[in-house]
Amino acid sequence: MPRALPLIVAAFLLAWPSPTDSTRGFSQPVSDEKVLPPYPVCVEYDRKRDETRVFVGPMLFESSTRHHSWVEFTVGFSFKGRQVLSYPEHVSVSLLTYGPEANFLRESKDRSVSLAVGEVRIALGEARLKVGPEYHSSKEYALVLVPVRAIGELMSKTSDGQPGTLFVGRGVFKLKPRHVTSLRSVYEVATGFRPPTPSN
């Protein structure tokens, strides 16, 4: 089966909505005593674009390095039409960080993003910052194109039920097991292991 063209990933990035009020719709972090199910894989068809978006998120992580700083993590891909004819080589990861000192990437020369689960750590790629008046010292937005094979390597060496750690420049964020399981779910759709089920 042919691989998806880079234009498909580019279209996904262009179709991705700009973040608005990040705190809207989110409650305070759930305590570790409460075990929540994974985030659902959302499949949305845009009739005007004749395009289907598959994504998980936004998932909310708390910084372990800066007080009251957060990141919204969303991962997904898109394809033309309603049926998958080819699977992507990359998925898009959007990162919206906010808080009193949320400029984890702008302040640092290090724009790398990586993810660790257990003893396994993989590089997701270099973040591209989005510039605009709405982004300042307490809010920044970045995109990362992540090779599907890199996520597959991580998934093959780990299992559900493990927590993880997300490294964003100088920022360090803790992932609960449900976050790791959610990432595995979207990876399974991106590789054809499970079919995308429309959400709308």
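Below, the structure is looked at part by part. Keep in mind the model is a prediction, meaning the values are calculated, not measured.

**A look at the overall build of the chain**
Now for step 1: Along the chain, the regular secondary structure elements total 3 helices and 10 strands.
Now for step 2: Helices and strands in the chain line up, N terminus first, as α-β-β-β-β-β-β-β-β-α-β-β-α.
Now for step 3: For the chain, with 200 residues in total, the buried portion stands at 51%.
Now for step 4: If you take every contact in the chain between residues at least 6 apart in sequence, the share linking residues at least 24 apart comes to 69%.
Now for step 5: Only carbon and sulfur atoms are counted for the fraction: they give 55% of the accessible area of the chain, which is about 10600 Å².

**Remarks on the nonpolar core**
Nonpolar side chains in soluble globular proteins generally cluster together in the buried interior.
Now for step 1: With 40 residues, the main nonpolar core has Leu95 and Leu166 as its most contacted residues.
Now for step 2: Contacts of Leu166, omitting those with residues within four sequence positions, involve Phe61, Val71, Phe73, Leu95, Val113, Ser114, Leu115, Leu124, Gly171, Val172, Phe173 and Leu175.
Now for step 3: Listed in part, the 6 residues of the second largest apolar core include Trp70, Leu96, Tyr98 and Tyr141.

Conventions we followed
- Residues numbered from 1 in each chain as written.
- Predicted model: local features only at pLDDT ≥ 70, side-chain atom pairs only at ≥ 80, totals over all residues.
- Heavy atoms only, no water.
- Helix = DSSP H or I, 4+ residues; strand = E, 2+ residues; numbered from the N terminus.
- Buried < 20%, exposed > 50% of the residue type's maximum accessible area, 1.4 Å probe, protein only.
- Contact = heavy atoms within 4.5 Å.
- Areas by Shrake-Rupley, 256 points an atom, 1.4 Å probe, with all protein chains shown as cover.
- Core = buried A, V, L, I, M, F, W, Y, C linked by side-chain atoms within 4.5 Å.

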